[in-house]
Amino acid sequence: GENVEQHPSTLSVQEGDSAVIKCTYSDSASNYFPWYKQELGKRPQLIIDIRSNVGEKKDQRIAVTLNKTAKHFSLHITETQPEDSAVYFCAASLFGNEKLTFGTGTRLTIIP
Amino acid sequence: DVKVTQSSRYLVKRTGEKVFLECVQDMDHENMFWYRQDPGLGLRLIYFSYDVKMKEKGDIPEGYSVSREKKERFSLILESASTNQTSMYLCASSLLDTNQETQYFGPGTRLLVL
């Protein structure tokens, strides 16, 4: 089955700087890659996703890049703000298969 | 807005007890999922269901069973709770639509097994 590895497990950045979280996956057939954000004490929520036919996708300060050859994808957050502090999970799934395999999470802390 | 609710936010049970965790969604979603969340291990899929009375094992089904008698309700059952099942349990739901894979999560149930 699919295996998703996520790094780093913790990340601290100064407010205003950029943050990058990286994930690798094992199944070359995977073609859907979402990112979920979980604030302290709250439920995970989708923040951005990308499909295998796209190399990059942006939504305001958040972007995701995908390298299918290398089987890795990354989350980029620019101009970080205190409300970006949370645990971020990457995931992967096969097209048409709603089952997601999640990474182990990255705890991002924004330092004021 | 999609609403996914779970029957309890916190539960304390004894070893050997039978435990029921319930999840209800109000958006007519076909897919429902049960995960457990542990520090450093992320979200691990226990069971999922694509339809009423249908279930499939996830990555860590041992010690658990599920029931889906109605489309909106998905129950997770711990037949005989053990201390290693102390965890946060998250339910999620999504549409059976390959262009709308977003999973919507419930608030979670923190289970402590003594």
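Bear in mind that the values here come from a model prediction, so they are computed numbers and not experimental data. (Residues numbered from 1 in each chain as written. Chains lettered and ligands numbered in written order. Predicted model: local features only at pLDDT ≥ 70, side-chain atom pairs only at ≥ 80, totals over all residues. Heavy atoms only, no water.)

(A) Representation of the overall build of chain B. Looking only at helices and strands, chain B has 0 helices and 11 strands in total. In chain B, the succession of α and β elements from N to C terminus is β-β-β-β-β-β-β-β-β-β-β. Taken over the C-alpha trace, chain B has a radius of gyration of 13 Å; the compact-globule value for 114 residues is 13 Å, and the two agree within 12%. Within chain B, buried positions represent 50% of all 114 residues. When contacts within chain B are restricted to residue pairs at least 6 apart in sequence, long-range pairs at least 24 apart make up 56% of them. Only carbon and sulfur atoms are counted for the fraction: they give 49% of the accessible area of chain B, which is about 5500 Å². (Helix = DSSP H or I, 4+ residues; strand = E, 2+ residues; numbered from the N terminus. Rg over C-alpha atoms; globule rule 2.2 N^0.38 Å. Buried < 20%, exposed > 50% of the residue type's maximum accessible area, 1.4 Å probe, protein only. Contact = heavy atoms within 4.5 Å. Areas by Shrake-Rupley, 256 points an atom, 1.4 Å probe, with all protein chains shown as cover.)

(B) How the structure looks around the confidence of the model for chain B. For chain B, the average pLDDT comes to 93, and 96% of its residues sit at 70 or higher. Mean pLDDT values for the elements of chain B range from 94 in strand β6 (residues 56–57) of chain B up to 98 in strand β11 (residues 109–113) of chain B. (pLDDT = per-residue confidence, 0-100.)

(C) Just the sheet that holds strand β7 (residues 64–70) of chain B, in detail. Residue and element names in this part refer to chain B. Sheet architecture is open: 4 strands sit in the order β1-β3-β8-β7, paired in antiparallel fashion. Where the open sheet ends on each side, the last strands, each with one partner, are β1 (4–6) and β7. When the angles between neighbouring strand axes are averaged without regard to direction, this sheet yields 20°. By the bridge criterion, 3 bridges tie β1 to strand β3 (residues 19–25) in an arrangement that is antiparallel. The partner of T5 across the bridge, within β3, is V24. (Pairing = 2+ DSSP bridges. Axes fitted to C-alpha atoms, helices over the stretch in contact; angles between N-to-C directions.)

(D) Fine view of the interface of chain A and chain B. The partner chain B presents 28 residues to the 18 residues of chain A that form the contact. Counting the surface lost from both chain A and chain B, the interface buries some 1900 Å², and carbon and sulfur atoms represent 53% of this. A per-residue breakdown of the area chain A buries against chain B is headed by R43, E98 and K99 of chain A, which together make up 35% of the total. The partner of K99 of chain A in a salt bridge is D59 of chain B, with the nearest N and O atoms 3.5 Å apart. Taken together, chain A and chain B are joined by 5 residue pairs in polar contact (both at pLDDT 80 or more). Here the element with the most residues in the side of chain A that touches chain B is strand β4 (residues 30–38) of chain A; it accounts for 3 residues. Counted by class, the side of chain A that touches chain B contains 8 nonpolar, 6 polar and 4 charged residues. (Buried area = accessible area lost by both parts, 1.4 Å probe. Salt bridge = Lys/Arg side-chain N within 4 Å of Asp/Glu carboxyl O. Polar contact = N/O pair within 3.5 Å; in protein donor to acceptor, adjacent residues only side chain to side chain. Nonpolar A, V, L, I, M, F, W, Y, C, P; charged D, E, K, R; others polar.)

(E) Expanded view of unusual backbone geometry. In this structure, the amide linkage connecting H7 of chain A to the following residue, P8 of chain A, adopts the cis form with an omega of -5°. Its location among the elements puts P8 of chain A in the loop between β1 (4–7) and β2 (10–14).

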